[in-house]
Amino acid sequence: MIYLDNNATTRVAPEVLDAMQPYLSEFFGNPSSAHALGREMKRAVEQSREQVATLIGAADTSEIVFTSCGSESDNWAIRGVLAAQPQKKHIVTTLVEHEAVRNLCRLLENEGYEVTWLGVDQNGELNLDHLRSALRPDTALVSIMLANNETGVLFPMEEIGHIVRENSQAVFHVDGVQAVGKIPIDLKSTAVDLFALSGHKLHAPQGIGALYVRKGISLLPLIVGGAQEQGRRAGTSAVPNIVGLGAACRLAHEDNNHERIEKLRNRLEDEILKQIPNARLNGVADRSKRLPNTANISFEYVDGQSILMHLDQAGICVSTGSACHSTTHESSPTLRAMNVPYTAAQGSVRFSLGRYNTEADIDITLQVLPEIIAKLAAMSPYQQIRV
Amino acid sequence: MHREAADHFFNPRNVGDASEPSFTGRSASLRCGAHVRFSIQVDEAHAVSQARFRVAGCNVLVAAASVLTEQVTGLSTAEAAAVGQKPAALIEHLGVEPANAQCVEIACEALLDAIRDYSNAVREDWAGDEALICTCFFVSERTIEREIQTHGLTTVAEVTKACNAGAGCGSCHQLIQEILATNDLPR
């Protein structure tokens, strides 16, 4: 199997599994317990906290709080900020956020909040002047992702942070789920207040996330109960998963695969765009402004879901922005916000690479894909591509 | 999706356009962005001699359209229309999940649209003494009027029940409605 869907989830790294194993067997204690077993669990949790803090450049390990997933981190960040300053009723976010942010902000609109939705241009980039003019004295929160999950387009987190800091009193939350482990991040040198991440995007298991909470940021808890995580997030710590996340962060930090992955992605992207008629890149062409592992490409006039099924039969895993494939029967909001023509958005395929991809994976994909697209294009009812 | 459906997706039958003169029908779904085009050729006995399709859509739509082309080839347009009117049968036959029912429905709709294209052309070209209304079951305007007057019919459904007119592709429903309006005598 050739797995090119690493933005959806990743394989648990063997190193991560090894690190977790003892905490699924002999070390089964509760880190809140005072006895030796509990103390060992606590030690492991604190070591993981340090590993997470190191990877994202937090100034202090106490700024890392473990959660169950990226969506919980995003929900907590947003709800927690709003609850802490109930007099402020304005939020600034973008149209291309992950559902965890986008759908929550839609919900908040029904709860009496006013949301300014920043759009993007056809390259998927923000206009920072729009952000500047959206900020108001009553803006409670600015929530803007670091890397888009579909296109890999990066938003300039540092610059955005400065703008938010200089022009408002708003708290700045970043959904960093798709970026962590793929690009260097140093939060202490930014004006980021809150930053969400998720383990399973970087070779930790599913079911573990974290929220970075800058010292001094007041955030009401989302899950109330025991005094775990310094009283900020109740619930018995999922120690095996926390250890897994820590190990994955260490692996990403020490990793020397990034350049190799980027080269593979570049070759895949270049060759597809060169070889296949009616193929177009979604997202800014300048690769320094995109994640190094993602290529989102539209094959116009054919359907992404059909492409996906044919690739699947060839043992290649990808994602599509086609409306037909999604459970909501809605074409990708990111591509729509970018004004990608409907016939192209329907044929969009996301290739997202990871540390276990090889040159051979790319060779085979490049061998199989052109035939699939040719076959589907020959079947297309759109007149444009008929010869 | 059953194995047969998967087979039709990976090896679609009858892709392309029917030879001229042909009749075409289209359907699309704004909801899921799919687009399907059917073209049929009909022989002198009013039987579908060739059915072809084109699709930009999901695997279910491709499979449904491919299966339909096989099912309707050789059938009279009235029989083919009956197939098109029963997407539920095809949904069950292919083992399609309820969430994807619409993909089968739009394939059926495109088939019906192609048959209507044929029916409208036949009606236009009809040179008989009496105006032909239902081309699937060959029912003339006079027959329909007689049924309406004899039995005091007031709806298209009643007309269809009485003389089969309108039971096929449905292209004549508007015409039957107009005949009903003209014959709407005070009772």
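Before going into details, it helps to say that this report is about the structure given with it. Computed from a predicted model, the values in this text were never measured in an experiment.

**Considerations on the overall build of chain A**
Okay, so step 1: When you go through chain A residue by residue, the secondary structure sums to 13 helices and 13 strands.
Okay, so step 2: A compact globule built from 387 residues should have a C-alpha radius of gyration of about 21 Å, and chain A, at 21 Å, falls within 12% of that.
Okay, so step 3: Along the three orthogonal principal directions, the C-alpha set of chain A runs to about 75 × 50 × 35 Å.
Okay, so step 4: Here chain A, with 387 residues, has 59% of them falling under the buried criterion.
Okay, so step 5: Residue pairs at least 24 apart in sequence account for 72% of intrachain contacts in chain A once pairs closer than 6 positions are excluded.

**Let's talk about the overall build of chain B**
Okay, so step 1: Looking only at helices and strands, chain B features eight helices and five strands.
Okay, so step 2: The N-to-C order of helical and strand elements in chain B reads α-β-β-β-α-α-α-α-β-β-α-α-α.
Okay, so step 3: By the compact-globule yardstick of 16 Å for 187 residues, chain B fits well, its C-alpha radius of gyration being 18 Å.
Okay, so step 4: Across its three principal directions, the C-alpha atoms of chain B cover 60 × 35 × 25 Å.
Okay, so step 5: The burial tally for chain B puts 51% of its 187 residues in the buried class.
Okay, so step 6: Partitioning the contacts of chain B with sequence separation of at least 6, the portion at a separation of at least 24 is 58%.

**Quick look at the sheet that holds strand β1 (residues 23-29) of chain B**
Residues and elements named next belong to chain B.
Okay, so step 1: Pairing is antiparallel across the open sheet formed by three strands, whose spatial order is β1-β2-β3. This sheet does not close on itself; its edge strands, each paired only once, are β1 and β3 (48-56). Between one strand axis and the next, the sheet turns by 15 degrees as a mean value, whatever way the strands run.

**Re the state of the cysteines**
Okay, so step 1: Overall, the coordinates contain zero disulfides over all chains when judged by the stated rule.
Okay, so step 2: In this model C249 of chain A remains outside any disulfide bridge; the closest cysteine sulfur is found in C69 of chain A, 16 Å from its own.
Okay, so step 3: Free of any disulfide, C163 of chain B has its nearest neighbouring cysteine sulfur in C134 of chain B, separated by 7.9 Å.
Okay, so step 4: Residue classification places C163 of chain B among the buried positions, given a relative accessible area of 15%.

**Description of unusual backbone geometry**
Okay, so step 1: Cis geometry is found at the peptide bond from E20 of chain B to P21 of chain B, where omega equals -5 degrees.
Okay, so step 2: Along the chain, P21 of chain B falls in the loop between α1 (3-10) and β1.
Okay, so step 3: For E229 of chain A, which is not glycine, the phi dihedral falls at a positive 50 degrees.
Okay, so step 4: For E229 of chain A, the location among the structural elements is in helix α7 (residues 228-231).
Okay, so step 5: We classify E229 of chain A as buried; its relative accessible area is 9%.
Okay, so step 6: At N278 of chain A, a residue that is not glycine, the phi angle is positive and equals roughly 65 degrees.
Okay, so step 7: The residue N278 of chain A is located in the loop between α9 (258-275) and β9 (279-281) in this model.
Okay, so step 8: Residue classification places N278 of chain A among the partly exposed positions, given a relative accessible area of 34%.

**Observations regarding the side chain of S22 of chain B**
Okay, so step 1: Tracing the chain through its elements places S22 of chain B in the loop between α1 and β1.
Okay, so step 2: Setting aside chain neighbours within four positions, we find S22 of chain B in contact with S39 and I40 of chain B.

**Examining the interface of chain B and chain A**
Okay, so step 1: Tallying the contact residues gives 22 residues for chain B and 21 residues for chain A.
Okay, so step 2: Summed over both sides, the interface of chain B with chain A buries roughly 1900 Å², with 55% coming from carbon and sulfur.
Okay, so step 3: A per-residue breakdown of the area chain B buries against chain A is headed by F10, C32 and R54 of chain B, which together make up 29% of the total.
Okay, so step 4: Between chain B and chain A we count zero salt bridges in total.
Okay, so step 5: On inspection of chain B and its partner chain A, the count reaches eight residue pairs in polar contact (both at pLDDT 80 or more).
Okay, so step 6: Broken down by element, the residue count for the side of chain B that touches chain A peaks at four residues, all from β3 of chain B.
Okay, so step 7: Residue composition of the side of chain B that touches chain A, by class: 13 nonpolar, four polar and five charged.

**What to know about α9 of chain A**
Residue and element names in this part refer to chain A.
Okay, so step 1: Compared with an ideal rise of 1.5 Å per residue, which puts 18 residues at 26 Å, α9 spans 26 Å between its outermost C-alpha atoms and is within 8% of the ideal.
Okay, so step 2: All buried positions along α9 are accounted for by I261, L264, R265, N266, L268, E269 and I272.
Okay, so step 3: On its buried side, α9 packs onto β9, β10 (294-299), β13 (348-352) and α13 (359-379).

**Regarding the pattern of salt bridges**
It is possible for side chains of opposite charge to pair when their charged atoms get near one another.
Residue and element names in this part refer to chain A.
Okay, so step 1: For the structure on display, the rule yields 32 salt bridges over all chains.
Okay, so step 2: Across the pair D193 and R214 runs a salt bridge whose closest N-O atoms are separated by 3.9 Å. Residue D193 is found in the loop between β6 (171-175) and β7 (194-198), and its partner R214 is found in the loop between β8 (209-213) and α7; the two are separated by 21 residues along the sequence.
Okay, so step 3: Residue D193 is classed as buried on the basis of its relative accessible area, which comes to 5%.
Okay, so step 4: Where R250 meets E254, a salt bridge forms, and the shortest distance between an N and an O atom there is 3.8 Å. Taken together, the residues span about one helical turn, with R250 and E254 both in helix α8 (residues 239-254) at a distance of four residues.
Okay, so step 5: When its relative accessible area of 54% is taken as the criterion, E254 is described as exposed.
Okay, so step 6: Here the salt bridges share partners, and the residues they tie into one network are R265, E269, D270, R287 and R290.

**A closer look at the packing of aromatic side chains**
Residues and elements named next belong to chain A.
Okay, so step 1: Within the structure shown, the criterion is met by five aromatic pairs over all chains.
Okay, so step 2: With 5.3 Å between their ring centres and 35 degrees between their planes, Y23 and F27 make a pair best called tilted.
Okay, so step 3: For K89, the ring lying beneath its charged end belongs to Y113, and the centroid distance is 4.6 Å.
Okay, so step 4: One Lys or Arg, R106, reaches over the ring of W117 and ends 4.1 Å from the middle of that ring.

**Some points on the sheet that holds β8 of chain A**
In any sheet, the strands associate via hydrogen bonds between backbone groups, in a parallel or an antiparallel arrangement.
All names here are of chain A.
Okay, so step 1: In spatial order, the strands read β2-β8-β7-β6-β5-β3-β4; together these seven strands make up an open sheet with mixed pairing. The open sheet has two edge strands, β2 (64-67) and β4 (114-118), and neither has a second partner. Strand after strand, the sheet turns through a mean of 20 degrees between neighbouring axes, direction not considered.
Okay, so step 2: Alignment of strand β3 (residues 90-94) against strand β5 (residues 139-143), held across four bridges, turns out to be parallel.

**Brief notes about the environment of V16 of chain A**
All names here are of chain A.
Okay, so step 1: Here V16 lies in helix α1 (residues 14-20).
Okay, so step 2: For the pair formed by V16 and C249, sequence separation is 233 residues and the distance between their alpha carbons is 9.4 Å.
Okay, so step 3: Not counting chain neighbours up to four residues away, the residues in contact with V16 comprise H203, A204, P205, G244, A247, A248 and L251.

Reading the values: the criteria
Residues numbered from 1 in each chain as written. Chains lettered and ligands numbered in written order. Predicted model: local features only at pLDDT ≥ 70, side-chain atom pairs only at ≥ 80, totals over all residues. Heavy atoms only, no water. Helix = DSSP H or I, 4+ residues; strand = E, 2+ residues; numbered from the N terminus. Rg over C-alpha atoms; globule rule 2.2 N^0.38 Å. Buried < 20%, exposed > 50% of the residue type's maximum accessible area, 1.4 Å probe, protein only. Contact = heavy atoms within 4.5 Å. Pairing = 2+ DSSP bridges. Axes fitted to C-alpha atoms, helices over the stretch in contact; angles between N-to-C directions. Disulfide = S-S within 2.5 Å. Buried area = accessible area lost by both parts, 1.4 Å probe. Salt bridge = Lys/Arg side-chain N within 4 Å of Asp/Glu carboxyl O. Polar contact = N/O pair within 3.5 Å; in protein donor to acceptor, adjacent residues only side chain to side chain. Nonpolar A, V, L, I, M, F, W, Y, C, P; charged D, E, K, R; others polar. Expected span 1.5 Å × (residues − 1). Phe/Tyr/Trp six-rings, centres within 6.5 Å; stacked < 30°, edge-to-face > 60°. Lys NZ or Arg CZ within 6 Å of the ring centre and 35° of its normal.

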